[in-house]
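Spelled out from the first residue to the last, the chains are:
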Amino acid sequence: MGLSSLRDERIRVLASHCLGKVIDIGCGPNNYFIKNSIKNTDSLGIDCYPYEGVEILVDDMENLPYSNDSFDTVSLNVVGGHIPKSKRKSKFREFSRILKKGGKLILT
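Summarised in this report is the structure supplied together with it. What you see is a predicted model; the values in this text were computed from it and never measured. Throughout, residues of each chain are indexed from 1 in the direction in which the sequence is written. With the structure being a predicted model, the display of local features is reserved for residues of pLDDT at least 70 and the display and counting of side-chain atom pairs for 80 or more, all residues being used for whole-chain, interface and lining totals. Here the side-chain values reflect all heavy atoms present in the structure, with hydrogen atoms and water set aside.

**Structural notes on the environment of Arg12**
Argument step 1. Considering the arrangement of structural elements, one finds Arg12 in helix α1 (residues 6-17).
Argument step 2. Taking the C-alpha atoms as reference, Arg12 lies 9.2 Å from Phe33; in sequence the two are 21 residues apart.
Argument step 3. Within the structure, the side chain of Arg12 is placed 2.5 Å from the side chain of Glu9, a separation counted as a polar contact. Where helices and strands are cited, they refer to DSSP runs of H or I of at least four residues and of E of at least two residues respectively, numbered from the N terminus. Pairs of N or O atoms are called polar contacts if they sit within 3.5 Å, as long as, within protein, a hydrogen donor faces a hydrogen acceptor (for residues adjacent in sequence, only side-chain-to-side-chain pairs).

**Quick look at the pairing of strand β4 (residues 99-107)**
One face of the sheet, then the other: side chains in a regular strand alternate in exactly this way.
Argument step 1. Examined bridge by bridge, strand β3 (residues 71-76) and β4 share five bridges and lie parallel to one another. Opposite Val74, over in β4, you have Leu105 as the bridge partner.
Argument step 2. When the strands point away from the viewer and the connection leading from the first strand across the helix to the second strand turns clockwise, the crossover is called right-handed. In this view, the connection linking β3 to its parallel neighbour β4 by way of helix α3 (residues 88-98) has right-handed handedness. Should DSSP find at least two bridges between two strands, the strands are taken to pair.

**A word on the state of the cysteines**
Argument step 1. Two cysteine sulfurs form what is called a disulfide whenever their separation falls within 2.5 Å. Scanning the entire structure with this criterion turns up zero disulfides.
Argument step 2. In this model Cys27 remains outside any disulfide bridge; the closest cysteine sulfur is found in Cys48, 9.7 Å from its own.
Argument step 3. For every residue, the accessible area obtained with a 1.4 Å probe (protein chains only) is divided by the maximum for its type, and the residue is called buried under 20%, exposed over 50%, and partly exposed between those limits. For Cys48, a relative accessible area of 51% puts it in the exposed group.

**A closer look at the nonpolar core**
Argument step 1. We call a set of buried Ala, Val, Leu, Ile, Met, Phe, Trp, Tyr and Cys residues a nonpolar core when their side-chain atoms join them within 4.5 Å. The biggest cluster of nonpolar side chains holds 16 residues, and the ones touching the most others in it are Ile23, Ile25, Ile46, Leu64, Tyr66 and Val74.
Argument step 2. Among the secondary structure elements, those contributing two or more residues to this core are β1 (22-25), β2 (44-46), β3 and α3.
Argument step 3. Whether two residues are in contact is decided by their heavy atoms: any pair within 4.5 Å suffices. Setting aside chain neighbours within four positions, we find Val74 in contact with Ile23, Ile25, Phe95, Ile98, Leu99, Lys104, Leu105 and Ile106.
Argument step 4. Of all hydrophobic cores here, the second largest spans eight residues; its members include Ile11, Cys18, Ile38 and Ile106.

**Notes on the layout of surface pockets**
Argument step 1. Considered as a void within the structure, the largest pocket measures approximately 390 Å³ in volume.
Argument step 2. Using protein atoms alone on a 1 Å grid, points that fit a 1.4 Å probe yet trap it form a cavity, whereas open point sets bounded by protein on both sides within 12 Å along at least five of seven lines form a pocket; residues with an atom within 4 Å of a point count as lining. Lining the largest pocket are 18 residues, with Gly26, Asp47, Cys48, Val79 and His82 positioned closest to its centre.
Argument step 3. Taken together, the residues that form the lining of the largest pocket break down as ten nonpolar, four polar and four charged.
Argument step 4. Grid points are joined across faces, edges and corners, and a volume is the space filled by probe spheres set on the points. Its volume calculated, the second largest pocket comes out at about 190 Å³.
Argument step 5. Those elements that place two or more of their residues in the lining of the second largest pocket are α1 and α2 (32-37).
Argument step 6. Element by element, the count of residues in the lining of the second largest pocket is highest for α1, at three residues.
Argument step 7. In this classification, Asp, Glu, Lys and Arg are treated as charged, Ala, Val, Leu, Ile, Met, Phe, Trp, Tyr, Cys and Pro as nonpolar, and every other residue, Gly included, as polar. Its residues assigned to classes, the lining of the second largest pocket comprises six nonpolar, three polar and three charged.

That's the geometry; what it means functionally is another story.
Here you go:
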């Protein structure tokens, strides 16, 4: 029995709750979560910071370039603390807009 990091444990649990087409908001360097834990090839990671390996940069997280009801799961993995309190309502309204009815919003 080996040890695992808290990050790996968190990602394993997060992945177990994801369904269908996933968007990972604030994906971070190399889009790690989507590339290593999500098997749906339509899934993607986005970020507003140009980390190495981030393929989709978004300038405005309150105006995402996706149509309504685009994703089965919206994940924010260790991102919530980076959203200023004054912007939370508008950002989460936008995250909800791209989430399919009955979909999952997962925040760690």
